[in-house]
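Next come the chains, spelled out residue by residue.
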Amino acid sequence: MFGRQIALPSRASSEPKEGYERRLGHILAAACGVIARLGYERASMRAVAKATGVSLAGLYHYFDSKEKMLFLIQFRTFSALHQNLLEKLHGVVDAEEQLRVMIRAHLGYFAANMDALKVCSHELDTLSGPAYEQTKNIRKEYYALIRSIVERLLDAHSPGASLNRHVLTMSLFGTLNWLYRWYDPVGGPSVATVSNQIASQFLHGIYHLAGSADETATDSHGSPHDAPQGIVRTP
């Protein structure tokens, strides 16, 4: 696919799979918190070990490097987003409802994993080589899925509108991925309230723009391959 792939950490043959996955998830969640707070460069493996309650030697049982740990955080996050959305879209045929499902799923996932959103946004270009290529691949799959929803939405309600669909898709990502800067999932409005308002604002905006299509760019069908190297990007 992209040359040499990064191997996922393997468990000892005597270690139950459920216990291994639970410990790995606990370590990655704690690592996310450390990296979100300190930044990748300042977040040492020793600091992560302290936050997890795992010895430094024990930490290296799961990751042979800090980059491998960051790779797993990003790869598992984007994979979970993609798979979760595919499952939630099953049986949903209306384009507007697909958009609302997408926004609710994206926001809901990151409301429960705010550190992951911050780390994936800030450290998107930190990985290199095969690790970067593997995460880029899953990001592109997620982008293509969201882009397809935007395409169906415009084709159903504003066929022929000269709106750049890549710009529309990325503007939606920009709105959703800046949430960690202001949204408080504990003390703020509910995920349902916020997602419904964002969806309504987005729908109102594109329908208004479609009605003024002559004033917009004429390139309405930018290729999905024009997508930037990352999907979770913020201004």
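Cut-offs used in this document
- Residues numbered from 1 in each chain as written.
- Predicted model: local features only at pLDDT ≥ 70, side-chain atom pairs only at ≥ 80, totals over all residues.
- Heavy atoms only, no water.
- Helix = DSSP H or I, 4+ residues; strand = E, 2+ residues; numbered from the N terminus.
- Buried < 20%, exposed > 50% of the residue type's maximum accessible area, 1.4 Å probe, protein only.
- Contact = heavy atoms within 4.5 Å.
- Polar contact = N/O pair within 3.5 Å; in protein donor to acceptor, adjacent residues only side chain to side chain.
- Phe/Tyr/Trp six-rings, centres within 6.5 Å; stacked < 30°, edge-to-face > 60°.
- 1 Å grid on protein atoms, 1.4 Å probe; cavity = no way out; pocket = protein on both sides within 12 Å on 5 of 7 lines; lining within 4 Å.
- Points joined across faces, edges and corners; volume = space filled by probe spheres on them.
- Nonpolar A, V, L, I, M, F, W, Y, C, P; charged D, E, K, R; others polar.
- pLDDT = per-residue confidence, 0-100.
- Axes fitted to C-alpha atoms, helices over the stretch in contact; angles between N-to-C directions.
- Left-handed = near helix turned anticlockwise from the far one by under 90°.

### Quick notes on the environment of Ser195
Stage number 1. The topology assignment puts Ser195 in helix 9 (residues 191-211).
Stage number 2. Judged by relative accessible area, which is 1%, Ser195 ranks as buried.
Stage number 3. Residue contacts for Ser195: discarding those within four places in its chain leaves Ile103, Arg104 and Leu107.
Stage number 4. Of the polar contacts made by the side chain of Ser195, one reaches the backbone oxygen of Ala192; its length is 3.1 Å.

### A short note on the packing of aromatic side chains
Stage number 1. Taken as a whole and assessed by the stated rule, the structure comprises 7 aromatic pairs.
Stage number 2. Between Tyr62 and Phe63, the ring centres sit 6.3 Å apart and the planes meet at 45°, which makes this aromatic pair tilted.
Stage number 3. Classification of Phe63 by relative accessible area gives buried; the value is 0%.
Stage number 4. Joined through ring pairs, the aromatic side chains of Tyr20, Tyr62 and Phe63 make up one cluster.

### Thoughts on the layout of surface pockets
Stage number 1. Its volume calculated, the largest pocket comes out at about 270 Å³.
Stage number 2. Taken together, 15 residues make up the lining of the largest pocket; nearest its centre are Ala29, Cys32, Tyr109, Asn113 and Ala116.
Stage number 3. Breaking the lining of the largest pocket down by element, the ones donating at least two residues are helix 1 (17-38), helix 4 (66-89) and helix 6 (114-122).
Stage number 4. With 5 residues, helix 4 is the single largest residue contributor to the lining of the largest pocket.
Stage number 5. In terms of residue class, the lining of the largest pocket is made up of 10 nonpolar, 3 polar and 2 charged.

### So, the confidence of the model for the chain
Stage number 1. Taken as a whole, the chain shows an average pLDDT of 85; of its residues, 83% reach a score of 70 or greater.
Stage number 2. Every residue in residues 216-220 scores below 50 in pLDDT, and together they form 13 contacts with partners more than four places removed in sequence or on other chains.

### Observations concerning the packing of helix 4 against helix 5 (residues 95-111)
To characterise two packed helices, one gives the angle between the axes of the helices and the distance between these axes.
Stage number 1. Contact geometry of helix 4 with helix 5 gives a least axis separation of 10 Å together with a crossing angle of 145°. Of the two possible hands of crossing, helix 4 and helix 5 adopt the one that is right-handed. Each of Thr77, Ala80, Leu81, Asn84, Leu85, Lys88 and Leu89 in helix 4 lies in contact with helix 5, whose residues at this interface are Gln98, Val101, Met102, Ala105, His106, Tyr109 and Phe110.
Stage number 2. Broken down by class, the residue content of the contact of helix 4 with helix 5 amounts to 9 nonpolar, 4 polar and 1 charged.

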